[in-house]
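The lines below spell out each chain.
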Amino acid sequence: MDLRIRYEKDIAVIDFKKQVDICGVNFIDVTEILLRHGHTKILCNCRNISGFDESGLYIVAMAFKNIRNKGGILKFCNIP
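Residues numbered from 1 in each chain as written. Predicted model: local features only at pLDDT ≥ 70, side-chain atom pairs only at ≥ 80, totals over all residues. Heavy atoms only, no water.

Looking at this structure, I do not really get the environment of Asn 48. What am I missing?
Mapped onto the elements, Asn 48 comes out in the loop between strand S3 (41-45) and helix H2 (54-69). In this structure Asn 48 comes out as partly exposed when scored by relative accessible area, which is 45%. With 31 residues separating them along the chain, Asn 48 and Lys 17 place their C-alpha atoms 5.4 Å apart. (Helix = DSSP H or I, 4+ residues; strand = E, 2+ residues; numbered from the N terminus. Buried < 20%, exposed > 50% of the residue type's maximum accessible area, 1.4 Å probe, protein only.)

For this particular structure, what's the right way to read the side chain of Asp 15?
Take Asp 15: it is sitting in strand S2 (residues 11-16). A polar contact is formed between the side chain of Asp 15 and the side chain of Arg 6, at a distance of 2.7 Å. Discounting chain neighbours no more than four positions away, the residues touching Asp 15 are Asp 2, Leu 3, Arg 4, Arg 6 and Asn 45. (Polar contact = N/O pair within 3.5 Å; in protein donor to acceptor, adjacent residues only side chain to side chain. Contact = heavy atoms within 4.5 Å.)

Honestly, unusual backbone geometry in this entry has me stumped. Any pointers?
Glycine aside, the phi torsion of most residues is negative, and most peptide linkages are trans. Phi at Lys 9 takes a positive value of approximately 55°, unusual for a residue other than glycine. With respect to the helices, strands and loops of the structure, Lys 9 is situated in the loop between strand S1 (3-8) and S2. Judged by its relative accessible area of 87%, Lys 9 falls in the exposed class. You will see that Asn 78, though not glycine, has its phi angle at about 55°, which is positive. Inspection of the secondary structure puts Asn 78 in the segment after strand S4 (73-77).

So, in structure tokens, the structure goes:
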């Protein structure tokens, strides 16, 4: 899975570039790094993906749980 990170004020925006699947394990690593650097507001832009397969949903759920447990917020926009 290809990700691009950009920042809008105090929000880290993650732009997905392909379908979110088990290869998206690096998404969890990216969110962990963002949290370590103090970015607790994370927005995932899903405009350029075709969808989430079941393993992709699992990866997103794991990341969501990790972010919430550390006081962060994870939201999504442009979901297909």
